[in-house]
Amino acid sequence: FEVVDCGSMAPSLIASELFGHERGAFTGAHNEHIGAFERANGGTVFLDEIGELPLDLQPMLLGVLARRRFKRVGGVRERSVDVRMIAATHRDLRNATNVGTFRADLYFRLAVARVVIPPLRERTEDIEPLARCFAEQLTGDPDAQPFDPQTLLALEAHPWSGNVRELRSALMRAAMMAE
């Protein structure tokens, strides 16, 4: 299982991280690098924030999805892979295809099975178990019961525009400020 966060990398590094590169492929490529697709052979590649993938790299990704083959950056030999790909984004990729910022053919390859997760503010029943899980992670105490009913009501009333990440950050902030 390999995770590549397309939104946190410089566009010039994404191709190398996905497909790898050969020694000498570019300045600073002193060694070969095995990319995520090769490392995940027989498993899964999870592309987080796929909507941030630069338009010029999208044909390369489409190629590996369509043919199950790719070349490393600077490489001449095609490599075969057997991977399952999962992608996530906060962007509306259907709209992005309409305005030309995301390739329609790649969108349709990715949208074979779509799972739309409603924002946290629309599934308040998930807030308490998530908060308890995060509290356990933050404190290391599986028996931590840090939430009184009033606190839980306040957490459920919050709009959580940042979804689960915002909830986790709020709990981290509270844990750091607690005595």
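Located above this text is the structure these notes cover.
This is a predicted model, so every value here is computed, not measured. The residue numbers shown here count from 1 along each chain, following its written sequence. Given that this is a predicted model, residues contribute local features only at a pLDDT of at least 70 and side-chain atom pairs are listed and counted only at 80 or more, while totals for whole chains, interfaces and linings are drawn from all residues. Excluding hydrogens and water, the side-chain values take into account all heavy atoms of the structure.

Novice: Where do I start with the layout of surface pockets in this structure?
Specialist: Regions of empty space are outlined by a rolling probe, equal in size to a water molecule, passed over the atoms. In this structure, the largest pocket occupies an estimated 1500 Å³ of space. Within this scheme a cavity is a closed region of a 1 Å grid, computed over the protein atoms alone, that accommodates a 1.4 Å probe without allowing it to escape, whereas a pocket is open but has protein on both sides within 12 Å along at least five of seven lines; lining residues each have an atom within 4 Å of a point. Taken together, 35 residues make up the lining of the largest pocket; nearest its centre are Ala87, Ala88, Thr89, His90 and Val115. By the criteria applied, helices consist of DSSP H or I runs no shorter than four residues and strands consist of E runs no shorter than two, each listed in order from the N terminus. Those elements that provide at least two residues to the lining of the largest pocket are β2 (44–48), β5 (84–88), α4 (93–99), α5 (104–110) and α8 (163–177). For the lining of the largest pocket, the leading source of residues is β5, giving five residues. Grid points are joined across faces, edges and corners, and a volume is the space filled by probe spheres set on the points.

Novice: Mind showing me how you'd approach the nonpolar core here?
Specialist: Buried residues of nine kinds, namely Ala, Val, Leu, Ile, Met, Phe, Trp, Tyr and Cys, make up a nonpolar core once their side-chain atoms join them within 4.5 Å. Think of it in three bands: with a 1.4 Å probe and only protein chains considered, a residue is buried below 20% of the maximum accessible area for its type, exposed above 50%, and partly exposed in between. Ranked by internal contacts, the top residues of the largest apolar core, which has 28 residues, are Phe37, Leu47 and Leu61. Elements that contribute at least two residues to this core include exactly α1 (11–19), α2 (36–39), β2, α3 (58–67), α4 and α5. Apart from residues no more than four positions distant in its own chain, leucine 61 is found in contact with Phe19, Phe37, Leu47, Ile50, Leu53, Met85 and Leu106. Grouped together as the second largest cluster of nonpolar side chains are 11 residues, Leu120, Phe134, Trp160 and Leu167 included. Contacts: residue pairs with any heavy atoms within 4.5 Å of one another.

Novice: Which parts of the structure should I look at to understand α1?
Specialist: All buried positions along α1 are accounted for by Ile14, Ala15, Ser16, Glu17, Leu18 and Phe19. Packing partners of the buried residues in α1 comprise β1 (2–5), α2, β2, α3 and β3 (69–71). Positive backbone phi, approximately 80°, marks glycine 20, located one or two places after α1.

Novice: Would you explain the packing of helix α6 (residues 127–139) against α8 in this entry?
Specialist: The angle between the axes and the distance between the axes are what describe a pair of packed helices. Here α6 crosses α8 at 45°, and the two axes come no closer than 10 Å. Here α6 is positioned oblique relative to α8, judged by the angle of their axes. As for how α6 packs across α8, the hand of that crossing is right-handed. Counting all contacts with α6, which are made through Ile127, Leu130, Ala131, Phe134, Gln137 and Leu138, the residues of α8 involved are Val164, Leu167, Arg168, Leu171, Met172 and Ala175. Grouping the constituent residues of the contact of α6 with α8 by class yields 10 nonpolar, one polar and one charged. The convention used is that axes are lines fitted to C-alpha atoms, helices contributing only their stretch in contact, and that angles between N-to-C directions extend from 0 to 180 degrees. Between 65 and 115 degrees an angle is taken as roughly perpendicular, under 35 as roughly parallel, over 145 as roughly antiparallel, and anywhere else as oblique. A crossing counts as left-handed when the near helix is turned anticlockwise from the far one by less than a right angle, and as right-handed when that turn is clockwise. Three categories are distinguished: nonpolar for Ala, Val, Leu, Ile, Met, Phe, Trp, Tyr, Cys and Pro, charged for Asp, Glu, Lys and Arg, and polar for the others, with Gly belonging to the last.

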